[in-house]
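Remarks on the overall topology
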Amino acid sequence: MKNKKLAAAMAAVQMYIRTQEEAAIIALQNQSSNAAVKPAPVGQINLWGLSGRQAIMNANAMIRQRMLK
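Because the structure is a prediction, the values reported are computed rather than measured. (Residues numbered from 1 in each chain as written. Predicted model: local features only at pLDDT ≥ 70, side-chain atom pairs only at ≥ 80, totals over all residues. Heavy atoms only, no water.)

**Observations regarding the overall build of the protein chain**
- If you tally the helices and strands in the protein chain, you get two helices and zero strands.
- Per-residue burial for the protein chain yields a buried fraction of 0% across its 69 residues.
- By element, 64% of the accessible surface of the protein chain is carried by carbon and sulfur atoms, the whole surface being about 6900 Å². (Helix = DSSP H or I, 4+ residues; strand = E, 2+ residues; numbered from the N terminus. Buried < 20%, exposed > 50% of the residue type's maximum accessible area, 1.4 Å probe, protein only. Areas by Shrake-Rupley, 256 points an atom, 1.4 Å probe, with all protein chains shown as cover.)

As structure tokens, this is what we get:
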């Protein structure tokens, strides 16, 4: 029984190491393929509009939670 547990633990560690290595290889492949593609230009974010919408959502959440009466 002890040998089976030891073998199972060793197999689990080996599988974990193998999956981590495979994930690292895939990440490197994706990184190299993404380096060749230029990112699309991003538009400017309207911070005033974003903060206004956030304030409205916070007020609605407070009303729903009955904090404001």
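From this point, the discussion proceeds with the structure in view.
**Some points on a nonpolar patch on the surface**
- On the surface, a nonpolar cluster with roughly 300 Å² of combined accessible area is contributed by Val-13, Tyr-16 and Ile-17.
- The topology assignment puts Val-13 in helix α1 (residues 2-36). (Patch = residues over 30% accessible without salt bridge, like charges linked within 9 Å, V, L, I, M, F, W, Y side chains within 5 Å. Salt bridge = Lys/Arg side-chain N within 4 Å of Asp/Glu carboxyl O.)

**Focus on helix α2 (residues 47-64)**
- Over its 18 residues, α2 runs 26 Å from end to end, which matches the ideal 26 Å to within 8%, given 1.5 Å per residue.
- Trailing α2 by a residue or two, Arg-66 shows a phi angle of about 60°, which is positive. (Expected span 1.5 Å × (residues − 1).)

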